[in-house]
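This is what each chain is made of:
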Amino acid sequence: MSLRSVNRLFTPVTLRAFRFQSTSYSSILVSKKGEKENVGFIQINRPKALNSLNTQLMTEVISAMKDFYADEKVGCIVLTGNEKAFAAGADIKEMNSLSFQRHYKERYLDFWNDINKIGTPIIAAVNGYALGGGCELAMLCDIIYAGDKANFGQPEIKLGTIPGAGGTQRLTHAVGKARAMEMVLTGKFITAQQAEKYGLVAAVFPAHQLVDETIKTAETIASMPKMAAMMAKESVNNAYEMSLEQGCHFERRFYHFTFATNDQKEGMAAFQEKRKPNFTDS
């Protein structure tokens, strides 16, 4: 069973020829990182606007993620901003220009959920502010690492509205109802250290080391068999969508599927032979 076959079966994103090197982006910087260049790297690049998220920027982010997903050499994606801001929120000027009718008819923000359909694991490297839509974008990723000066928050209530890209839902799953209520109803920020304590963030690093440490983890993930990584990611995510019985059933089926792959055979043979496995993503 090929990696592309698994992609078609389990994650409904249309695969395209990898083309990021020839794509011109105005709001993000895109490259490959790591010793084997197997880490897709996306940097939000609107510094004058504190990396505020508008439709064009998010379209570019999702396009780059889909292209990295289609590149079978890439096993993990890193999304970051700069040391001052991961993303200080959605673009207020853009939002304020939209009527209720346009919001509703055009399903404003719905397309952000396309990130959930990316099978490749994604790590958010958060320095500075991750507020409103910025916090929601980070939570759409699979792992969040933070610089020691990072701040997280959902301050939409101070603007007379509420989160619209999953903030009330994903934040509650991550930090629990009481803390999510406090953050959403007061608009207060939490520090990187609090975010790690609450379970929103996996690890905190000095700000100047954050990206390098994130790339190290991304390289580790990218070195794993890609089909198993994708199955593991989807299984963990389904823990939030299914009952325990359903989730365990789903997990077992994916576990069974791994035994149809060459990488499972290679991994177990290498373990028995006390050598490093040579995964071929097949």
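Residues numbered from 1 in each chain as written. Predicted model: local features only at pLDDT ≥ 70, side-chain atom pairs only at ≥ 80, totals over all residues. Heavy atoms only, no water.

Visitor: Can you walk me through a nonpolar patch on the surface in this structure?
Guide: On the surface, Ile157, Met181 and Leu185 cluster together to form a nonpolar patch covering roughly 270 Å² of accessible area. Inspection of the secondary structure puts Met181 in helix α7 (residues 177–186). Owing to a relative accessible area of 41%, Met181 belongs among the partly exposed residues under this scheme. (Patch = residues over 30% accessible without salt bridge, like charges linked within 9 Å, V, L, I, M, F, W, Y side chains within 5 Å. Areas by Shrake-Rupley, 256 points an atom, 1.4 Å probe, with all protein chains shown as cover. Salt bridge = Lys/Arg side-chain N within 4 Å of Asp/Glu carboxyl O. Helix = DSSP H or I, 4+ residues; strand = E, 2+ residues; numbered from the N terminus. Buried < 20%, exposed > 50% of the residue type's maximum accessible area, 1.4 Å probe, protein only.)

Visitor: Explain empty space enclosed by the protein to me, please; I cannot follow it from the model alone.
Guide: Over the atoms rolls a probe the size of a water molecule, and in doing so it shows where empty space is left. Enumeration over the complete set of coordinates arrives at two cavities of 30 Å³ or more. Here the second largest cavity defines a volume of roughly 40 Å³. What lines the second largest cavity is simply Leu53, Asn54, Thr55, Met58, Glu94, Tyr108, Leu109, Phe111 and Trp112. Here the residues of the lining of the second largest cavity sort into six nonpolar, two polar and one charged. (1 Å grid on protein atoms, 1.4 Å probe; cavity = no way out; pocket = protein on both sides within 12 Å on 5 of 7 lines; lining within 4 Å. Points joined across faces, edges and corners; volume = space filled by probe spheres on them. Nonpolar A, V, L, I, M, F, W, Y, C, P; charged D, E, K, R; others polar.)

Visitor: How should I be thinking about the pattern of salt bridges in this particular structure?
Guide: Between side chains of opposite charge, a pair can form as their charged atoms come close. The tally for this structure, following the rule as stated, stands at ten salt bridges. The partner of Arg275 in a salt bridge is Glu273, with the nearest N and O atoms 2.6 Å apart. Here the salt bridges share partners, and the residues they tie into one network are Lys66, Asp114 and Lys117.

Visitor: I tried to follow the layout of surface pockets on my own but got confused; where do I start?
Guide: Of the pockets and cavities examined, the largest pocket occupies roughly 1100 Å³. Taken together, 35 residues form the lining of the largest pocket, with Met139, Cys141, Asp142, Asn237 and Tyr240 sitting closest to its centre. Counting residues per element, the ones that place at least two in the lining of the largest pocket are α5 (133–140), β7 (143–147), α6 (167–175) and α10 (226–238). Examining the composition of the lining of the largest pocket, we find that eight residues originate from one element, α10, more than from any other. Residues of the lining of the largest pocket, tallied by class, amount to 20 nonpolar, nine polar and six charged. Taken together, 34 residues make up the lining of the second largest pocket; nearest its centre are Met95, Leu109, Glu156, Thr161 and Ile162. Elements with a minimum of two residues in the lining of the second largest pocket: α3 (92–96), α4 (100–105) and α5.

Visitor: Would you mind going over the sheet that holds strand β9 (residues 189–191) with me for this structure?
Guide: An order of β4-β6-β8-β9 is seen for the four strands of this open sheet, with the pairing classed as mixed. Of all strands in the sheet, those with a lone pairing partner are β4 (85–87) and β9, marking the two edges. Within this sheet the neighbouring strands show an average axis-to-axis angle of 20 degrees, counted without direction. Pairing of β4 with strand β6 (residues 129–131), which is carried by two bridges, proceeds in the parallel orientation. Following the sheet pairing, Ala87 is matched in β6 by Ala130. Sitting on the sheet, α5 is in contact with β4, β6 and β8 (151–153), with an inclination near 90 degrees to β6. (Pairing = 2+ DSSP bridges. Axes fitted to C-alpha atoms, helices over the stretch in contact; angles between N-to-C directions. Contact = heavy atoms within 4.5 Å.)

This is a description of form; function is not addressed.
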